[in-house]
Amino acid sequence: MRDETDGRGDDAEEAAREPASGGTGAHDESGGRVDGPAGGSGWWDPYLLGEPPSPPLAVSRSFWPSEDDPAPWPVLVGVALTAVLAGAFCAASGFGANVLVVALAATGTAIVAGRAGGRRGRPGWWRGGFALLGLFLAAVPLWRGDDGFGYLTVVAAFAAAALALGGGRRWAQVARQPLVVIARFPGGAEWVSQGVSALVARRRGGTGAAMRAVAATAALGGVFVGLFAAADAVFADLLGGLAPDEGVGPVLLRVLFAVFGTALAATAAWTAYDRRDRQREDTEPERAGYRVGSRIEWLLPLAVLDVLFLGFVVIQAVVLFGHQDGLLDDVETSRAAYARDGFWQLMTVTVLTLAVVAVTMTVVPRERAADRRLAKRLVGVLALLAVGVGAAALYRTASYVGDFGLDRVRLVTAGAEVWLCAVLLMVVLATLVRGVTAALPRITAAGALVTVAVLGAVSPDAMVADQRVRLYERTGAIDLDYVRGLGPDAVPALDRLPEPYRSCALADIAADLDEGHPWYATSLAEVRAERILRDRPVKPKWNCPSAVSSEPGERR
């Protein structure tokens, strides 16, 4: 099998065996073939593509545990606890405390495993920051009731946890870390299985005692739980929320989530424990990439893009802020229409600019200091001008929202545009300050996660509802069909609408809340919405229109 920690693996062995099998190509010291049989370019050029591909069916030892180092028993306890919590709390439809509870259990298991594996002291700033950010993201569904955005926060929490566990300094390391953690799921399960087998082997003589202890615990627990439930209605209700009462389907779903909780905690614990991964982040060699041979190949495209971006930014400044309405008359459009159009195209420009910057810094030769300085200046100018393009896109979004109201898509994409502009500013700073360049991959990842965390904390539905209600108070226009589809976070803002529009906007939300969820799958936003609707119930007999005032600015 190939060991990725030293970058060599089976290719070195194949290189040693190649002459015996008739091969005539030359090999470098890592086993890669440099020249073909006739002395020309071979199938793999180590200076062009980096490391050679793994042989078919080869499995890296970094994805599979060693047989002589099983999981210690405290880790097994943590994995079992996480599995029980995931099976008990995550099978319900909805988010609440369940996500945070499982995340805390898995985090605690990883900390215990790290201590057992020799990790001492506090984690580094980046790993500790990603860990705290992941826990914050896992806590967002507890106080916000937007289940749609909740899925995104859960995915972001997993990505933050992966970066906290595996680290990563370079772009490729940061980008692939969540996938690496997923790929280690089978290895984590195998590591825990080895720990269970080792524990049973050590305790073989005490198996009978363990079974008697479990039986006694179950009997005593059953008696006292029954007495507590009979004595206290609240305790009985909370206990009833954990008991499956809908047949085989919910039980199987709980088992499925328990298996997922086992895999999650086992993988997190093994990644934190594995001593072989301890120095991989620092010792993994930087792979050689393609470099252009002539200066004109990168200089001309960058110079043209700089001039093009400069011209576009100047036009935006003149039209949007210079009050040159004659230019708009030439293209037969109004100032409002001009400001509203083009957001998606400009956001695409921002994304593509980041791609151009990444490719440029990869292909520009590093041998000549003059080339490096010139490339940095051109890239810095391009990134700064791209920030101007991003600002124009955000201005157009603000104009659209002022006329037609905010929606989820506009809010989330505007947040993404702010993040992209922040990354571009960091690129500009990296061209001026040497230390920023090394931290740029992790800054970019942290910025994306912080953007999701901020949007989740303020709730897109709450912001959309508040802006729509304020637009109604100013213009008398509101799209009732749209606001009816918002979640419990929107209730405090929609409650400010006059009747019949208040009841029309809240009817569907009230119906969803009447279905009810277990306490661990109920957010604080849902509790607040239920209290508002209980104090002021909706009036279902209204004949609700689809919208009030179809044109912005028309007062009803």
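Everything quoted here is computed from the prediction, not taken from an experiment.

A. Representation of the overall build of the protein. If you tally the helices and strands in the protein, you get 24 helices and zero strands. Across the protein, every contact between residues at least 6 apart in sequence was considered, and the portion connecting residues at least 24 apart equals 76%.

B. Spatial organisation of a positive patch on the surface. A contiguous patch of positive charge on the surface is contributed by Arg372, Arg373, Lys376, Arg377 and Arg434. With respect to the helices, strands and loops of the structure, arginine 434 is situated in helix H19 (residues 434-458).

C. Expanded view of the side chain of arginine 184. Tracing the backbone through its elements, the reader meets arginine 184 in the loop between helix H7 (171-183) and helix H8 (185-202). Reaching out from arginine 184, the side chain makes a polar contact with the side chain of threonine 271 at a distance of 3.2 Å.

D. Inspection of empty space enclosed by the protein at higher detail. Taken as a whole and assessed by the stated rule, the structure comprises one cavity of 30 Å³ or more. In this structure, the largest cavity spans a volume of roughly 70 Å³. The wall of the largest cavity is formed by 13 residues, among which Val140, Arg144, Asp146, Phe149 and Gly150 lie closest to the centre. Of all the secondary structure elements, the ones that give two or more residues to the lining of the largest cavity are helix H5 (125-143) and helix H6 (147-166).

E. Molecular detail of the pattern of salt bridges. Inspection of the entire model under this criterion finds 10 salt bridges. For arginine 502, the salt bridge goes to glutamate 499, with nearest N and O atoms at 3.4 Å. Residue classification places arginine 502 among the buried residues on the basis of a relative accessible area of 1%. Among the charged side chains, a salt-bridge network with shared partners connects Asp466, Arg470, Glu473 and Arg496.

F. Quick look at the environment of alanine 430. As for its placement among the helices and strands, alanine 430 is situated in helix H18 (residues 408-430). Overall, the relative accessible area of 8% leaves alanine 430 in the buried class. Sequence-wise, alanine 430 and lysine 376 are 54 residues apart; in three dimensions their C-alpha atoms are separated by 8.8 Å. Among residues more than four places away in sequence, those in contact with alanine 430 are Val436 and Thr437.

G. Inspection of unusual backbone geometry at higher detail. Note the cis peptide between glutamate 499 and proline 500, where omega equals 5°. When you line up the elements, proline 500 lands in the loop between helix H22 (491-494) and helix H23 (501-515). The phi torsion at serine 459 lies on the positive side, around 70°, for a residue other than glycine. With respect to the element layout, serine 459 can be found in the loop between H19 and helix H20 (460-475). For serine 459, a relative accessible area of 1% puts it in the buried group.

H. Structural context of H19. Between its first and last C-alpha, H19 extends 35 Å over 25 residues, near the 36 Å set by a 1.5 Å rise per residue. Along H19, the sharpest kink reaches roughly 55°, centred on leucine 440 and followed within four residues by the proline proline 441.

I. View of the side chain of threonine 353. Relative to the helices and strands, threonine 353 resides in helix H16 (residues 343-363). Filtering out sequence-adjacent residues up to four positions away, threonine 353 remains in contact with Phe309, Leu382, Ala386 and Leu424.

J. Structural view of the confidence of the model for the protein. Taken over all residues, the pLDDT of the protein has a mean of 77, while the share at 70 or more is 75%. Model confidence for the protein, summarised as mean pLDDT per element, is weakest for helix H2 (residues 46-49) at 30 and strongest for H22 at 92. Segment residues 1-60: pLDDT under 50, and 80 contacts once partners within four positions in sequence are set aside and those in other chains are kept. Taken together, the stretch residues 550-556 has pLDDT below 50 and engages in 16 contacts with residues farther than four places along the chain or on a different chain.

K. Inspection of H6 at higher detail. For H6, built from 20 residues, the straight-helix expectation of 28 Å at 1.5 Å per residue is met to within 8% by its first-to-last C-alpha distance of 29 Å. Inspection of H6 places Phe149, Gly150, Thr153, Ala156, Ala157, Ala159, Ala160, Ala162, Leu163, Ala164, Leu165 and Gly166 among the buried residues, and these make up the whole buried set. Two residues or fewer after H6 comes glycine 167, characterised by a positive phi angle close to 70°.

L. Spatial organisation of the packing of aromatic side chains. Scanning the entire structure with this criterion turns up eight aromatic pairs. Judged by centre distance (5.0 Å) and plane angle (75°), the ring pair of phenylalanine 95 and tyrosine 151 falls under edge-to-face. Taken together, the residues span a long stretch of sequence, with phenylalanine 95 in the loop between helix H3 (73-89) and helix H4 (97-116) and tyrosine 151 in helix H6 at a distance of 56 residues. A residue is classified by how much of its surface remains accessible, and phenylalanine 95, at 15% relative accessible area, is buried.

M. The arrangement of a negative patch on the surface in detail. Side chains of Asp508, Asp512, Asp514, Glu515 and Glu530 sit close together on the surface and give a patch of like negative charge. Within the secondary structure, aspartate 512 sits in helix H23.

N. Region of interest: the packing of H23 against helix H24 (residues 524-535). Running from amino to carboxyl end, H23 crosses H24 at an angle of 125°, the nearest separation of the two axes being 11 Å. As the angle between them shows, H23 and H24 are arranged oblique. Handedness of the H23/H24 crossing: left-handed. Where H23 abuts H24, its residues Arg502, Leu506, Ala510 and Leu513 lie against Glu526, Ala529, Glu530, Ile532 and Leu533. In the contact of H23 with H24, the residues fall into six nonpolar, no polar and three charged.

O. Representation of a nonpolar patch on the surface within the structure. Together, Leu220, Val223, Phe224, Val225, Leu227, Phe228, Phe235 and Leu239 make up an exposed nonpolar region whose accessible area comes to about 730 Å². Breaking the nonpolar patch down by element, the ones donating at least two residues are helix H9 (207-231) and helix H10 (233-242). With six residues, H9 is the single largest residue contributor to the nonpolar patch. Relative to the assigned elements, leucine 239 resides in helix H10. Overall, the relative accessible area of 32% leaves leucine 239 in the partly exposed class.

Parameters at a glance
- Residues numbered from 1 in each chain as written.
- Predicted model: local features only at pLDDT ≥ 70, side-chain atom pairs only at ≥ 80, totals over all residues.
- Heavy atoms only, no water.
- Helix = DSSP H or I, 4+ residues; strand = E, 2+ residues; numbered from the N terminus.
- Contact = heavy atoms within 4.5 Å.
- Patch = residues over 30% accessible without salt bridge, like charges linked within 9 Å, V, L, I, M, F, W, Y side chains within 5 Å.
- Areas by Shrake-Rupley, 256 points an atom, 1.4 Å probe, with all protein chains shown as cover.
- Salt bridge = Lys/Arg side-chain N within 4 Å of Asp/Glu carboxyl O.
- Lys, Arg positive; Asp, Glu negative; His and termini not counted.
- Charge placed at Lys NZ, Arg CZ, Asp CG, Glu CD.
- Polar contact = N/O pair within 3.5 Å; in protein donor to acceptor, adjacent residues only side chain to side chain.
- 1 Å grid on protein atoms, 1.4 Å probe; cavity = no way out; pocket = protein on both sides within 12 Å on 5 of 7 lines; lining within 4 Å.
- Points joined across faces, edges and corners; volume = space filled by probe spheres on them.
- Buried < 20%, exposed > 50% of the residue type's maximum accessible area, 1.4 Å probe, protein only.
- Expected span 1.5 Å × (residues − 1).
- Bend = angle between axes of the 7 residues up to and from the residue.
- pLDDT = per-residue confidence, 0-100.
- Phe/Tyr/Trp six-rings, centres within 6.5 Å; stacked < 30°, edge-to-face > 60°.
- Axes fitted to C-alpha atoms, helices over the stretch in contact; angles between N-to-C directions.
- Parallel < 35°, antiparallel > 145°, perpendicular 65-115°, else oblique.
- Left-handed = near helix turned anticlockwise from the far one by under 90°.
- Nonpolar A, V, L, I, M, F, W, Y, C, P; charged D, E, K, R; others polar.

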